[in-house]
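The lines below spell out each chain.
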Amino acid sequence: MMVTMDRKSTNMDLIVLGAGAGGMTAAAVAAAEGLKVLVLEKTAAVGGTTAISGGMIWAPNSHLTKAPDSLEKAKTYLDAAVPSDAGRSQRRTYLERAPEMIAYLEKNTSVKLQAVPIYPDYEVDAPGASTHGRVLEPVCFDARALGSAFRMVRPPLPEFTLFSGMMIARPDIVHFRNAFRSLPSSLRVARLMAEYIGQRLAGKHRGTTLVLGNALVARLLKSLLDRGVEIRCRCEVKNLVVSNNRVIGVRVTTEGGEQTIAARCGVVLATGGFSADIPLREAYLPPQARTLTATAGVGTGDGLRYGLSVGAQITPGPFGSAYWTPASHYRDTNDRHVVFPHTVTDRAKPGLIAVNRDGRRFTNEAVSYHQFVTAMLRENNVANAIPAHLICDKRFLWKYGLGAIRPMTLRLGRYKAAGYLKEAATLHGLADSLLIDARTFEATIDRYNGDAQVGKDTEFDRGGNVYQRFMGDAENFPNPCMAPIEAPPFYSIALYPADLGTATGLDSDDDAQVLNGTGQPIAGLYACGNDMNAIMQGAYPSPGTTIGPAMTYGYLAAMHAAHTDTN
Ligand SMILES: Cc1cc2nc3c(=O)[nH]c(=O)nc-3n(C[C@H](O)[C@H](O)[C@H](O)COP(=O)(O)OP(=O)(O)OC[C@H]3O[C@@H](n4cnc5c(N)ncnc54)[C@H](O)[C@@H]3O)c2cc1C
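Since this is a predicted model, take the numbers as computed values, not measurements.

### Re the overall build of the chain
So, point 1. Within the chain one finds 15 helices and 21 strands.
So, point 2. Taken over C-alpha atoms, the radius of gyration comes to 24 Å for the chain, in line with the 24 Å a tight globule of 567 residues would show.
So, point 3. Counting only C-alpha atoms, the chain reaches 75 × 55 × 50 Å along its principal axes.
So, point 4. Here the chain holds 567 residues, and 59% of them are scored as buried.
So, point 5. Taking the intrachain contacts of the chain between residues at least 6 apart in sequence as the baseline, contacts between residues at least 24 apart amount to 73%.
So, point 6. For the chain, the accessible surface area stands at approximately 22300 Å², while carbon and sulfur atoms represent 53% of it.

Structure follows, in structure tokens:
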């Protein structure tokens with residue numbers, strides 16, 4: 001098809017669709033390489049699901065890593081944790097090029113990362129696994145550096161902020177928990193609160209000390225603004241424009257009508273997958289897990305559809321089409337649908353178990369969130385584990401919180417009224433309210449409590465490896481993941497499978513070029529983030545194995561686009 005550009009058309013080098021980790025990295029790198037870049041974002045804010053995420057990036061052997069590691073060791077790990085030939089070449093490329101991407105961003109952009117001192121791989125007993133140095137996180141960012149553009153950053157989930165807008169870095173969580181027990185913790189909390197109050201008194205709509213995925217997005221945004229990248233929010237792309245078998249631009253709908261924008265080096269699809277698209281969820285996700293997403297709800301499968309419209313292919317990986325987390329949900333007093341992902345806050349802490357509808361435990365509750373849901377889906381073929389029920393006592397709820405209920409919450413009424421939290425004076429009463437067999441349930445608790453006393457889980461070996469103990473409470477003996485459930489009243493909330501993102505996307509090569517039905521690159525078309533078929537093929541081997549590849553393949557797409565002769 002020959003395309004004649006209309007009078008309103010604009011000429012760019014690279015157009016990026018979607019402003020999440022993948023798209024913004026591609027845009028930042030392309031701009032640093034000298035390209036004229038346009039980012040088109042469908043919503044009013046930048047950041048997508050990345051902005052509400054933990055912002056962890058798995059990147060073994062980067063210059064930030066202090067622990068001894070090697071490329072060979074990391075390859076051994078991925079071969080064991082993702083045992084499939086599918087995507088193997090891209091996983092190798094990822095391991096080889098992610099360190100380069102990290103160093104490049106540090107040198108050429110405002111993205112600054114740091115190694116998390118300890119964060120075990122999820123399959124920590126597999127060969128090549130590591131406990132230290134592979135996981136990076138964004139360095140805390142002062143959003144005042146963005147000026148008025150701070151408002152462009154999608155805010156974090158309210159459930160993960162305090163006082164309507166204060167973000168807490170992971171190491172500070174423990175200080176908040178110990179604020180009334182330790183002087184250094186009280187002082188640290190007092191300082192953080194004073195800073196936050198100062199930021200709000202200065203007129204900011206939320207705290208300006210950003211951490212986690214929000215810091216990553218803000219740092220990427222700063223990088224784009226510093227390089228003069230044009231960002232258009234609330235922008236709808238109608239279709240890709242193709243000429244002589246090459247993607248050469250996009251057609252957008254604007255207030256003044258339709259407009260064609262040319263892209264000399266191509267278009268990057270980075271619209272965040274299909275978590276919020278019902279037809280694609282029905283096509284690719286298991287029936288029991290189609291209803292709930294823990295994402296920002298902005299990935300409507302557009303990137304996949306744009307790609308398919310010009311001949312791209314989708315080949316689901318052998319390990320499934322989503323990154324899973326157990327989630328609880330309810331409507332809050334403002335009628336907001338709260339979906340709380342139970343990733344790291346409660347499941348592995350001592351004094352909690354999960355039971356199925358028979359009142360029995362069905363898995364080790366302290367495994368990774370993806371593994372936990374995999375167990376739920378498996379169990380649901382045997383006994384109904386959807387929903388599963390998290391069970392704890394008063395002591396646990398006060399100390400660790402439960403789902404969206406924070407530690408030390410005095411007033412539980414609104415959670416009970418919303419049907420989110422169930423409370424009973426006895427275990428028998430709790431079983432009755434959950435419609436599960438009380439005798440079986442009490443026997444389950446008896447066995448668990450007996451095991452907890454000696455610190456050895458005879459059923460599922462809870463706390464049996466270093467990842468689980470890391471997620472537990474190091475101050476709890478003899479097992480950081482086990483304590484008796486015995487202090488009434490007793491509580492439960494219901495858990496469902498939800499996704500943190502989708503893994504099935506467009507088939508692409510080692511340069512993030514989208515492939516057609518014969519496995520050939522579609523010239524001028526790239527995909528990254530969850531629009532690209534996951535290099536882990538639906539497995540979730542380590543923290544940061546979605547954002548790490550999103551950024552690495554965003555970087556590779558930009559490098560390929562910038563250094564390929566298009567004349
Ligand atoms: C609570 C939570 C914690 C998580 N923590 C981590 C973590 O620590 N590490 C990790 O690796 N993963 C984590 N994940 C998963 C991770 O956040 C996502 O997989 C990742 O952010 C997806 O990045 P992306 O760039 O593909 O998409 P997104 O960040 O969702 O960005 C996509 C953007 O595209 C826009 N868009 C959509 N359609 C269009 C269109 N047609 N045109 C233009 N723009 C469009 C969207 O509005 C959005 O801004 C977490 C997820 C959740 C929910």
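### Some remarks on empty space enclosed by the protein
So, point 1. In the structure shown here, the tally under the stated rule is 3 cavities of 30 Å³ or more.
So, point 2. One number sums up the size of the largest cavity: a volume of about 100 Å³.
So, point 3. Considered class by class, the residues forming the lining of the largest cavity number 8 nonpolar, 5 polar and no charged.

### Some details on helix α6 (residues 212–226)
So, point 1. With 15 residues, α6 should cover 21 Å at 1.5 Å per step; its first-to-last C-alpha distance of 21 Å lies within 8% of that length.
So, point 2. With 13 of its 15 residues buried, α6 lies for the most part within the structure.
So, point 3. G228 lies just past α6 and shows a positive phi near 75°.

### Description of the site of the ligand
So, point 1. Every one of the 35 residues lining the ligand counts as a neighbour, but E41, T50, D302, T546 and I547 are closest to it.
So, point 2. A distance of 3.1 Å separates an oxygen atom of the ligand from a polar atom in the backbone of G22.
So, point 3. Here a nitrogen atom of the ligand and a side-chain polar atom of D302 are 2.7 Å apart.
So, point 4. Contributing elements (two or more residues each) for the shell around the ligand: α1 (21–32) and α8 (302–309).
So, point 5. Across the shell around the ligand, the residue classes tally to 13 nonpolar, 19 polar and 3 charged.

### Notes on the layout of surface pockets
So, point 1. What the second largest pocket holds in volume is close to 290 Å³.
So, point 2. Lining the second largest pocket are 17 residues, and of these F319, H370, T374, G538 and A539 lie nearest its centre.
So, point 3. Of the residues in the lining of the second largest pocket, the class split is 9 nonpolar, 7 polar and 1 charged.

### Examining the side chain of D507
So, point 1. Locating D507 in the fold gives a position in the loop between β19 (490–502) and β20 (513–515).
So, point 2. No salt bridge is formed by the buried D507; the nearest opposite charge belongs to R91, separated by 12 Å.
So, point 3. For D507, the side chain forms a polar contact with the side chain of T315, separated by 2.5 Å.
So, point 4. Side-chain polar atoms of D507 contact the side chain of N533, separated by 3.5 Å.
So, point 5. Dropping the residues within four chain positions of it, D507 is found in contact with Q313, I314, T315, Q513, V514, L515 and N533.

### Details of the environment of F396
So, point 1. Along the chain, F396 falls in helix α10 (residues 394–400).
So, point 2. Of the residues examined, F396 reaches a relative accessible area of 2% and is grouped as buried.

### Considering the packing of aromatic side chains
So, point 1. The final tally for this structure, using the stated rule, is 16 aromatic pairs.
So, point 2. One aromatic cluster is present, formed by Y122, Y323, Y369, Y467 and Y540 through successive ring pairs.

### What to know about the nonpolar core
So, point 1. Grouped together as the largest cluster of nonpolar side chains are 151 residues, with contacts concentrated most on I15, L17, V250 and V267.
So, point 2. Here the element with the most residues in this core is helix α15 (residues 547–562); it accounts for 10 residues.
So, point 3. Counting residues in each nonpolar core, the second largest holds 17 residues, with A424, L427, I445 and M482 among its members.

### Some words on the pattern of salt bridges
So, point 1. According to the stated counting rule, one finds 31 salt bridges in the structure shown.
So, point 2. Here R305 ties to D277 by a salt bridge, and the two come within 2.7 Å at their closest N and O atoms. Linking R305 in helix α8 with D277 in the loop between β13 (257–269) and α7 (278–284), this pair joins segments that are 28 residues apart in sequence.
So, point 3. Owing to a relative accessible area of 36%, R305 belongs among the partly exposed residues under this scheme.
So, point 4. Salt-bridge contacts for R361 lead to E365; the nearest nitrogen and oxygen are separated by 2.8 Å.
So, point 5. Exposure remark for R361: the relative accessible area of 5% places this residue in the buried category.
So, point 6. Linked by salt bridges that have partners in common, R361, E365, D457, E459 and R462 make up one network.

The rules behind the values
- Residues numbered from 1 in each chain as written.
- Predicted model: local features only at pLDDT ≥ 70, side-chain atom pairs only at ≥ 80, totals over all residues.
- Heavy atoms only, no water.
- Helix = DSSP H or I, 4+ residues; strand = E, 2+ residues; numbered from the N terminus.
- Rg over C-alpha atoms; globule rule 2.2 N^0.38 Å.
- Buried < 20%, exposed > 50% of the residue type's maximum accessible area, 1.4 Å probe, protein only.
- Contact = heavy atoms within 4.5 Å.
- Areas by Shrake-Rupley, 256 points an atom, 1.4 Å probe, with all protein chains shown as cover.
- 1 Å grid on protein atoms, 1.4 Å probe; cavity = no way out; pocket = protein on both sides within 12 Å on 5 of 7 lines; lining within 4 Å.
- Points joined across faces, edges and corners; volume = space filled by probe spheres on them.
- Nonpolar A, V, L, I, M, F, W, Y, C, P; charged D, E, K, R; others polar.
- Expected span 1.5 Å × (residues − 1).
- Near = heavy atom within 4 Å.
- Polar contact = N/O pair within 3.5 Å; in protein donor to acceptor, adjacent residues only side chain to side chain.
- Lys, Arg positive; Asp, Glu negative; His and termini not counted.
- Salt bridge = Lys/Arg side-chain N within 4 Å of Asp/Glu carboxyl O.
- Phe/Tyr/Trp six-rings, centres within 6.5 Å; stacked < 30°, edge-to-face > 60°.
- Core = buried A, V, L, I, M, F, W, Y, C linked by side-chain atoms within 4.5 Å.

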